[in-house]
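What follows is the residue order along each chain.
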Amino acid sequence: MKWAVVAAVLLVAAVAEGADLAHRQQAVNRLLYKIYSPIPSAFAKLKEHATTFNPRDHISHCNDGGNSVNHLMDEIEANRVLEQKHWFSLFNERQREEALMMVDVLLNCMDFETFQGNAAYFREHMNEGEFVYAIYVAVTHSELMQGVVLPPMYEVTPHMFTNSEVIDKAYTAKMTQTAGEFYMSFTGSKKNPEQRVAYFGEDIGMNSHHVHWHMDYPFWWHGQEIDRKGELFFWAHHQLTARFDAERLSNHLSPVDELYWDRPIKEGFAPHTSYKYGGEFPTRPDNKNFEDVNGVARIRDMKIMESRIRDAIAHGYADNTDGTHLDINNDEGINVLGAAIESSTSSIHPSYYGALHNQAHRVLGQQADPHGKFNMPPGVMEHFETATRDPSFFRLHKYMDNIFKEQKDKLPPYTTDDLKYDNVEIKSVDVDELSTFFEDFKFDLRNALDTSDGVGDVTVYAHVPRLNHKPFGYNINYHAKSAERVTVRVYLTPKYDENGVQREMEVGRWHAILLDTFWVDVEAGDHVYHRDASQSNVAIPDRISFEELIKETDEAVANNEELSLNSGRSCGHPQRLLLPKGNEEGLACWFTVYVTSGGDGVHDDLQTNDYGSNHGYCGIQGAKYPDKRPMGFPYERRIPNKFLVLGLPNHHSQEVNVYHKEE
Ligand code: CUO
């Protein structure tokens, strides 16, 4: 009895401290709930914090002695921060600086109570966009917030993911207090061939993966060094490019061409999206010539950055800030280049190599009003949430992908010894039918709308078609000489080009899509290993909806139960989009299984621990990328002699078709 009392007291104490997962999750849900309106009175604790919590009174609970709190408070008190009800873009230097001040505050909190108090206070004193960004990043990286699930961004800031027409209907629904469900179509019309692949660039799950990738691996990151961050920038975007090209082939379009600074931007773009504050996203007509963007960059600067980077590749070394050289003609070179091109804070020489990628996003985003004559807000290219909607995104990333390829192509091709793994022979692979279809997806728009304590809530949802595929799996029939741990990489590579000409392996390899990487203990003799697509380590399942997240969390808090959401990181390609769309006739692809030694795995437990099952494109947070080999192995290097690869017992390719079935 006595122990029961003690346990009960301890539980009450823990709950009062608010440190258990359910309470932390509830705080995050509430902080992000209807962020354009004041904190509702129903969230009494947060509401109270927002008015009575003075961050300066709690600096003894900050790891940095309160430096970041004092800094941000000084800026707010001097009225130097961005006003509320104004757009926010991470690429705007001053706005980013402010958002990062808040990230610093949150990441320096010693305990959850201080985190919560500061967050509630700054929610009411900072720009909403800066606030949301800071919360997402802080929850992603804070030790205190381990296990907390971030609600889907498309339900927290729906404007960034939803067509204005649908948002307008949601406003009307709210005004008239009539619930509504509205159908959203992809932007543009069938007169625009690019519209055939808009379902990919505008997929809200893919947009969400992309924005989270950049939150997990921010270019401004000044914390502990992140393993292979520059290489991962190359790889995640290389795969996005390869996947986009496969979608294009599925729809009888040529692969995307790269961007040229001295040629017109071929495709225009009318985003059909509006800011919550700041009007419509700017539109760009077809064939717009590049213009210098005031206060951002001249086109000449962009060419200079490109040429310095290409020089580094040609020389085989990059310049350090002290004038010494770093050899990049090796597997690590891609990591150096990725950081320099993006550019991130890990760039070897930021003032020399500049920030080709980040500046290009801004230059492209502002082509509709390059001289600021019309006071237009930033373009879709200036937000990771919206960038992939614009066809120029893929041109830009193809352009950078080609620069990365130059470096990779300078490395010597692998030899048989590099690629061979004698212990396993893959006899055959049986792949289930691969077929895709469009389905309807519904998401909540409520958080886009203003509200206040006295106004009733109205349910408003958007419906959007989205690509999915039939569940599939495959059996790998193998013979192993001895029981051993192995590394398995699975790729899908379109077989033909847009003209129906079969691609040579040397050409096709750069278009290979990684479907999965995993580790398994094989047994000696002849065996079959079954793998399901749903286990893929590049993709994540659907995110829990914000509504469901709130419901489950509130129930757990009310009933004093443990919260188990079973939902990992938000970074990860959507499981639904694991396959390209294909077409009615079947998109012919090579389905490749490549097995190497388990020694390629960095961690000892990879055969039982999938580390959240999203490491293929998103790495493992706080730990090393699990595959020791270069990302894209073995296709990231030239393959002048395909027979060398085809003759390997541990490499098996066979033709499959990806079918698309119209519903
Ligand atoms: Cu992800 Cu350009 O890097 O958008």
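Note that the coordinates shown come from a computational prediction; the quantities given were computed from them, not determined experimentally. (Residues numbered from 1 in each chain as written. Predicted model: local features only at pLDDT ≥ 70, side-chain atom pairs only at ≥ 80, totals over all residues. Heavy atoms only, no water.)

**Side note on the overall build of the chain**
To keep it simple, the criterion reads: Where helices and strands are cited, they refer to DSSP runs of H or I of at least four residues and of E of at least two residues respectively, numbered from the N terminus. C-alpha atoms define the radius of gyration, and 2.2 Å times the number of residues to the power 0.38 defines the globule rule. For every residue, the accessible area (1.4 Å probe, protein chains only) is compared with the maximum for its type, and the residue is labelled buried under 20%, exposed over 50%, or partly exposed between those bounds. By definition, residues are in contact when any of their heavy atoms lie within 4.5 Å.
Within the chain one finds 22 helices and 14 strands. Against the globule reference of 26 Å for 663 residues, the chain gives a C-alpha radius of gyration of 25 Å, in line with a compact fold. Over its C-alpha atoms, taken along the principal directions, the chain stretches across nearly 75 × 70 × 60 Å. Of all 663 residues assigned to the chain, the portion counted as buried reaches 59%. Looking at the chain alone, contacts between residues at least 24 apart form 80% of all its contacts between residues at least 6 apart.

**A few points about the environment of Asp57**
Here Asp57 is to be found in the loop between α3 (44-52) and α4 (67-77). For Asp57, a relative accessible area of 57% gives the class exposed. As for Asp57 and Asp417, which are separated by 360 residues in sequence, their C-alpha atoms are 64 Å apart.

**What to know about helix α17 (residues 391-409)**
Selection rule: Helix span is expected to be 1.5 Å times the residue number reduced by one. In protein, a polar contact means a hydrogen-donor-capable atom and an acceptor-capable atom, both N or O and within 3.5 Å, with residues adjacent in sequence counting only if both atoms are side-chain atoms; elsewhere, any N or O pair within 3.5 Å suffices.
In a regular helix each residue adds 1.5 Å, so 19 residues correspond to 27 Å; α17 covers 27 Å between its end C-alpha atoms and thus fits that length. Along α17, 15 of the 19 residues are buried, which leaves the element largely enclosed by surrounding structure. A side-chain oxygen of the first residue of α17 lies 2.9 Å from the backbone nitrogen of Ser392; this N-cap is Asp390.

**Focus on the packing of helix α13 (residues 299-315) against helix α16 (residues 356-365)**
To keep it simple, the criterion reads: To get an axis, a line is fitted to the C-alpha atoms, and for a helix only the part in contact is used. The angle between two axes follows their N-to-C directions and goes from 0 to 180 degrees. Working definition: roughly parallel below 35 degrees, roughly antiparallel above 145 degrees, roughly perpendicular at 65 to 115 degrees, and oblique for all remaining angles. By the definition used in this description, the sense in which the near helix is turned from the far one sets the handedness, with an anticlockwise turn below a right angle giving left-handed and a clockwise turn giving right-handed. Any residue that is not Ala, Val, Leu, Ile, Met, Phe, Trp, Tyr, Cys, Pro, Asp, Glu, Lys or Arg is counted as polar, Gly included; the first ten are nonpolar and the last four charged.
For the pair α13 and α16, interaxial distance at closest approach is 10 Å and the crossing angle is 155°. When the axes of α13 and α16 are compared, the pair comes out roughly antiparallel. In the crossing of α13 with α16, the sense of the turn from one axis to the other is left-handed. Contact residues: Ile299, Met302, Met305, Glu306 and Ile309 in α13; Leu356, Gln359, Ala360 and Val363 in α16. When grouped by side-chain class, the residues that make up the contact of α13 with α16 number seven nonpolar, one polar and one charged.

**Quick notes on the packing of aromatic side chains**
Any pair of aromatic rings gets described here by the distance separating the centres and the angle formed by the planes. Threshold: Put simply, two rings from Phe, Tyr or Trp (the six-membered ring, in Trp's case) pair if the centres are within 6.5 Å, and we call them stacked under 30 degrees between planes, edge-to-face over 60, tilted for the rest. Definition used: whenever NZ (Lys) or CZ (Arg) falls within 6 Å of the ring centre and also within 35 degrees of the ring normal, the charge is taken to sit over that ring.
Going through the model one piece at a time under the given rule, you end up with 32 aromatic pairs. Members of the aromatic cluster, each reached through a chain of ring pairs, are Trp213, Tyr217, Phe233, Phe234, Trp235, Phe404 and Trp510. The lysine or arginine in question, Arg263, covers the ring of Tyr260, its NZ or CZ lying 3.7 Å from the ring centre. A cation sits over an aromatic face here: Arg531 above Phe518, 3.9 Å from the ring centre.

**Examining the UniProt feature "domain: Tyrosinase copper-binding" (unreviewed entry) in the chain**
The line we're drawing: UniProt positions are given in the numbering used here, feature names are shortened, and annotations may be inferred rather than shown by experiment.
UniProt feature "domain: Tyrosinase copper-binding" (unreviewed entry): in the numbering of this structure it lies at residues 390-401. Helix makes up 92% of residues 390-401 and strand 0%. Its end C-alpha atoms lie 17 Å apart.

**Details of the pattern of salt bridges**
Put simply, the rule is: Any carboxyl oxygen of Asp or Glu within 4 Å of a side-chain nitrogen of Lys or Arg constitutes a salt bridge here.
Applying the stated criterion across every chain, the model contains 45 salt bridges. In this structure, Glu267 and Arg395 form a salt bridge, with 2.7 Å as the shortest nitrogen-oxygen distance. Here the residue Glu267 occupies a position in the loop between α12 (229-250) and α13, and Arg395 occupies one in helix α17, the gap between them amounting to 128 residues. Arg395 sits in the buried class, given a relative accessible area of 9%.

**Brief notes about helix α11 (residues 204-216)**
In this model α11 runs 18 Å from its N-terminal to its C-terminal C-alpha over 13 residues, within 8% of the 18 Å that 1.5 Å per residue would give. Of all the 13 residues making up α11, 13 are buried; the element is thus mostly covered by neighbouring parts of the structure. The N-cap of α11, judged by a side-chain oxygen 2.8 Å from the amide nitrogen of Gly205 a few residues on, is Asp203.

**Things to note about unusual backbone geometry**
Following Glu342, the chain continues to Ser343 via a peptide bond in cis, the omega torsion being -20°. Tracing the chain through its elements places Ser343 in the loop between α14 (333-342) and α15 (350-353). The amide bond that connects Phe633 to the next residue, Pro634, takes the cis arrangement and shows omega of 5°. The phi dihedral of Asn79 falls on the positive side, at around 60°, and the residue is not glycine. With respect to the element layout, Asn79 can be found in the loop between α4 and α5 (93-107). Residue class for Asn79 comes out exposed when judged on its relative accessible area of 68%.

**Here's the deal with the sheet that holds strand β6 (residues 460-469)**
Hydrogen bonding along the main chain pairs the strands of a sheet, whether they run parallel or antiparallel. Applicable threshold: Strands are treated as partners if at least two bridges between them are detected by DSSP.
Strand order in the open sheet formed by seven strands is β1-β6-β5-β14-β13-β8-β9, and the pairing between neighbours is mixed. Of all strands in the sheet, those with a lone pairing partner are β1 (180-183) and β9 (513-522), marking the two edges. The mean inter-strand angle of the sheet, taken between neighbouring strand axes irrespective of direction, is 30°. In the sheet, strand β13 (residues 587-597) pairs with strand β14 (residues 651-660) via eight bridges, with the strands oriented antiparallel. Residue Ala588 lies in a different strand from β14, and its bridge partner there is Asn657. Across the sheet, helix α9 (residues 164-176) is in contact with β1 and β6; its angle to β1 comes to roughly 165°.

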